[in-house]
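Topology and contacts: notes
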Amino acid sequence: MTHSLLILPGDGIGPEVMAEVRRVIDWFGAQGLSFEVSEDLVGGAAYDAHGKPLSDATMEKAQAVDAVLLGAVGGPQYDDLDFSVKPERGLLRLRKEMDLFANLRPAVCFDALAADSSLKHDVIAGLDIMIVRELTSGVYFGEPRGITEMNDGSRVGVNTQRYTTDEIRRVARSAFELAKKRGNKVCSMEKANVMESGILWREEVQWVHDNEYPEVELSHMYADAGAMQLVRWPKQFDVIVTDNLFGDLLSDVAAMLTGSLGMLPSASLGAPMANGKPKAMYEPVHGSAPDIAGQGLANPLACILSFAMALRYSFNEGAAADQLEAAIQRVLAAGIRTKDIAQGGAFVSTSEMGDAILAELGKGA
Ligand code: IPM
Ligand code: MG
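Residues numbered from 1 in each chain as written. Chains lettered and ligands numbered in written order. Predicted model: local features only at pLDDT ≥ 70, side-chain atom pairs only at ≥ 80, totals over all residues. Heavy atoms only, no water.

1. A word on the domain arrangement of the protein
Each assigned domain of the protein is listed here: domain 1 (1-110 + 258-365) and domain 2 (128-242). Averaged C-alpha coordinates put domain 1 and domain 2 at centres separated by 25 Å. Between domain 1 and domain 2, the residue contacts involve 17 residues of the former and 16 residues of the latter. Carbon and sulfur atoms make up 59% of the area that domain 1 and domain 2 hide from each other, which totals about 1600 Å². Inspection of the region where domain 1 meets domain 2 yields one salt bridge. Here Arg-170 makes a salt bridge to Asp-99, at a shortest N to O gap of 3.0 Å. The tally of links between domain 1 and domain 2 comes to six residue pairs in polar contact (both at pLDDT 80 or more). Looking at the side of domain 1 that touches domain 2, the elements with two or more residues in it are helix H4 (87-97) and strand S4 (102-108). Here the element with the most residues in the side of domain 1 that touches domain 2 is S4; it accounts for seven residues. Of the residues assigned to the side of domain 1 that touches domain 2, the class counts are ten nonpolar, two polar and five charged. (Domains from an automatic or database assignment. Contact = heavy atoms within 4.5 Å. Buried area = accessible area lost by both parts, 1.4 Å probe. Salt bridge = Lys/Arg side-chain N within 4 Å of Asp/Glu carboxyl O. Polar contact = N/O pair within 3.5 Å; in protein donor to acceptor, adjacent residues only side chain to side chain. Helix = DSSP H or I, 4+ residues; strand = E, 2+ residues; numbered from the N terminus. Nonpolar A, V, L, I, M, F, W, Y, C, P; charged D, E, K, R; others polar.)

2. Side note on empty space enclosed by the protein
Overall, the coordinates contain one cavity of 30 Å³ or more when judged by the stated rule. If you add up the space inside the largest cavity, you get close to 40 Å³. What lines the largest cavity is Gln-161, Glu-190, Lys-191, Met-195, Ser-197, Gly-198, Trp-201, Asp-243 and Phe-246. With three residues, the single largest contributor to the lining of the largest cavity is helix H7 (residues 196-212). The class makeup of the residues in the lining of the largest cavity is three nonpolar, three polar and three charged. (1 Å grid on protein atoms, 1.4 Å probe; cavity = no way out; pocket = protein on both sides within 12 Å on 5 of 7 lines; lining within 4 Å. Points joined across faces, edges and corners; volume = space filled by probe spheres on them.)

Set out below in structure tokens:
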């Protein structure tokens, strides 16, 4: 079976980290897995070429493949662009039009990095939690939105937090399904104390639990308290399900628990396609990091781990995913570090990290 993959490296460190992923893909290709890989532009790179952060042709390709793998979008040179053509709009269009409502952000602390975190060792050693972020609705997409001028000349900026029953229920189901395969616990986070959309969120998640997943343990937390608990004792959580904006914030917090934003992958999944596989896009949680772009300083592991998630969730190649994750563990255990996880010590470049992963994969093969 041939797996089709559209690669969108994007901006900043996106192309550098993606170059290492391509080497990993080629390695698995040489081992007998079959990939049909195409590459295209997104974000500022697409704007430079087409005047839009995602062309219609690229959008069509994304809809047709088994999985999309995206690097990162954005950069200071695009700060003054009109909002509608900012690099981020390309990413948000992909998420929205592919209807990728469930964004899985696993925060796993690799043993070798447990000592390097800014948190105490016992707080994060062995950490393995999954944040499920709703990705296609909420304040990111709600209408009305915009900046308008008032009669007195002052301006008002508006965004709308909006969730429907179905939007909440489907992402809740994703969280419960994942929990069943993990620690069987879901914690739902919102601000039901101040937001009606939070009240609805809480009621609907509870409804899905009571009617469809009574065997999974469910708790609710206000998102601010959740942020505090994530830093205080993250191992109390198994699966966290939350809305688009809270999920954006909480997943950055969770990423730092693992040592670096450069370690955290993500999968964005939608409904099953005709072939039974979910619509899917995989991307590292980190951004385009323009301050270090082009210097060989970027950590490619989040992007490589995102490809491992593609192997697992889109290509049904769980054994290959395990093999890749194990190789990463061994490389880290050997003390090989990119700058972000080197704690001021010796570090290797982006491509040297790629070399190390390939060498380790070679030993296991
Ligand atoms: C993320 C990013 C994006 C988001 C940006 C780049 C639009 O921060 O994926 O977490 O806000 O969703
Ligand atoms: Mg974010």
